[in-house]
Amino acid sequence: MSGFLREHSVPIVFSVLLHGLLAAALLFTALISVQHAPVSVQPIPIDAVVVDSQVLHAAQRAIAEQQASAAAAAAAAQAKQVEQANRAADEAARSAAAAKAEEAERAEKAAAEERAAETQRADEAKRADEAKRAEQAKLAEDAKRADEAKRAAEAKQAEDAKRAADQKAKAEREAELRRQMADEEHTNAVQSSPLRDQYMARLQSRIQSAWIRPPSARVGLDCLVEVTQLPGGEVTNAEVTQCNGDAATRESIKNAVYRASPLPTPPDPALFSRTFAFHFHPDQ
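Reading the values: the criteria
Residues numbered from 1 in each chain as written. Predicted model: local features only at pLDDT ≥ 70, side-chain atom pairs only at ≥ 80, totals over all residues. Heavy atoms only, no water. Helix = DSSP H or I, 4+ residues; strand = E, 2+ residues; numbered from the N terminus. Buried < 20%, exposed > 50% of the residue type's maximum accessible area, 1.4 Å probe, protein only. Polar contact = N/O pair within 3.5 Å; in protein donor to acceptor, adjacent residues only side chain to side chain. Contact = heavy atoms within 4.5 Å. Core = buried A, V, L, I, M, F, W, Y, C linked by side-chain atoms within 4.5 Å. Phe/Tyr/Trp six-rings, centres within 6.5 Å; stacked < 30°, edge-to-face > 60°. Disulfide = S-S within 2.5 Å. Pairing = 2+ DSSP bridges. Expected span 1.5 Å × (residues − 1). Arc of directions from axis to C-beta. Salt bridge = Lys/Arg side-chain N within 4 Å of Asp/Glu carboxyl O.

A. Representation of the side chain of Gln229. Within the secondary structure, Gln229 is located in strand E1 (residues 223–229). A relative accessible area of 1% places Gln229 in the buried class. Within the structure, the side chain of Gln229 is placed 3.0 Å from the backbone oxygen of Ser273, a separation counted as a polar contact. Once residues within four sequence positions are removed from consideration, Gln229 is found in contact with Tyr199, Glu234, Val235, Thr236, Leu263, Phe272, Ser273, Arg274 and Phe276.

B. A look at the nonpolar core. Judged by nonpolar contacts, the single largest core of 25 residues is most densely connected at Ile207, Val225, Val227, Ile253, Leu263, Phe278 and Phe280. Looking at this core, the elements with two or more residues in it are helix H4 (194–209), E1, strand E2 (235–243), helix H5 (247–260) and strand E3 (275–280). Look past the residues within four positions of Leu263 in its chain and what remains in contact with it is Leu203, Ile207, Val227, Gln229, Gly232, Gly233, Val235 and Phe276.

C. Representation of the environment of Glu91 within the structure. Secondary-structure assignment places Glu91 in helix H3 (residues 53–191). Glu91 gets classed as partly exposed once you look at its relative accessible area, which sits at 41%.

D. A look at the packing of aromatic side chains. Overall, the coordinates contain two aromatic pairs when judged by the stated rule. A ring pair is formed by Trp211 and Phe280, whose centres lie 5.1 Å apart and whose planes are at 80°; its orientation type is edge-to-face. Residue Trp211 is located in the loop between H4 and E1, and its partner Phe280 is located in strand E3; the two are separated by 69 residues in the primary sequence. There is no split in this pair, since Trp211 and Phe280 are both buried.

E. Looking closely at the state of the cysteines. Going through the model one piece at a time under the given rule, you end up with one disulfide. Here Cys223 engages in a disulfide with Cys243; their sulfurs sit 1.7 Å apart. With a gap of 20 residues between them, Cys223 in strand E1 and Cys243 in strand E2 connect regions that are remote in the sequence.

F. Looking closely at the pairing of E3. Burial along E3 is one-sided: Phe276, Phe278 and Phe280 are buried, and none of Thr275, Ala277 and His279, which face the opposite way, are. Here six bridges tie E1 to E3, and the two strands are oriented antiparallel to one another. Bridge assignment links Val227 to a residue of E3, and that residue is Phe276.

G. Spatial organisation of unusual backbone geometry. Of the consecutive residues Ser261 and Pro262, the connecting peptide bond is found in the cis state with omega at 0°. Among the structural elements, Pro262 can be located in the loop between H5 and E3.

H. Spotlight on the environment of Cys223. On the basis of relative accessible area, Cys223 is assigned to the buried category, the value being 0%. Spatially, the C-alpha atoms of Cys223 and Asn244 are 6.4 Å apart, while their sequence positions differ by 21 residues. Setting aside its immediate chain neighbours within four residues, Cys223 contacts Val240, Gln242, Cys243, Asn244, Gly245, Ile253, Phe278, His279 and Phe280.

I. Structural detail: H4. Across its 16 residues, H4 extends 22 Å between first and last C-alpha, which sits within 8% of the 22 Å expected from 1.5 Å per residue. Those residues of H4 that fall on the buried side of the exposure criterion are Tyr199, Met200, Leu203 and Ile207. Around the axis of H4, the buried residues are gathered within 95° of arc, so they sit on the same side. Every exposed residue of H4 that faces more than 90 degrees away from the buried side is listed here: Pro194, Asp197 and Ser209. Buried-residue contacts for H4 involve E1, H5 and E3.

J. Looking closely at the pattern of salt bridges. Per the stated rule, a full pass over the model turns up 15 salt bridges. Measuring nitrogen to oxygen at the nearest pair gives 3.1 Å for the salt bridge that ties Glu102 to Arg106. Taken as a pair, Glu102 and Arg106 lie in helix H3 at a separation of four residues, close to a single helical turn. Here the salt bridges share partners, and the residues they tie into one network are Lys138, Glu141, Asp142 and Arg145.

K. Summary view of H5. Taking 1.5 Å per residue as the helical rise, H5 with its 14 residues ought to reach 20 Å, and the 20 Å between its terminal C-alpha atoms agrees with that figure. Buried within H5 are the following residues: Thr249, Ser252, Ile253, Ala256, Val257 and Ala260. The arc enclosing the buried residues of H5, seen along the axis, measures out at 145°, which places them on a common side. Buried residues in H5 make contact with H4, E1, E2 and E3.

Shown next as structure tokens:
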């Protein structure tokens, strides 16, 4: 109610003032009508007869009543005009209030529609944001799964490669072991065959052929000689470890080994040895 009064205070004040003015005008008109003396009528000289005073008083009363009736009619007309003016003012106030209320209702409706639109926009923005976050989360999850799948594939590939490398290395080790075993068997077979004795005989013959016998060499000379050679037969070192000859004899044997270089190649590679030892006894 207080809100309605605040919104329509101007029309209400205007209506009250208009009603007050109309009431004051009506009161003023009534006072003027009462104070004015009856209009005197100039008698027309006519032939008349003497009338009874009671008849005259009755006529005067009738005239007064007619004047009072006219004044009442005028007052009623003025009251009617005031009432009509009041009704017009009330109607104008109600129209203004209705227009104000309609305008306020339209404003409230527009504000409500704006709030609803704002709420809808906020909901749409929220849904769009949630959809965007969901899409980003899905993309992140897809990227994570793809990365995990990639790492798993790389791990499997690395594991397969490692397994293949291990199998290859194992196969190579087994092949190398078999080759070594075959070489060892072959070497053992060759070392125990007559070829080794023939090869050692060739070596000794080659070294003895290169020996220059010193004057101090005694008969029955027997020395143990250790020789180091390269695969091509080139001698890299020679030592006389045990010998029943003197220093000159031992030195002459070393020189003979170096002069015999390169030594003969073995008939079978399995007979080759970087270091070998033989007994040097040229008198046998």
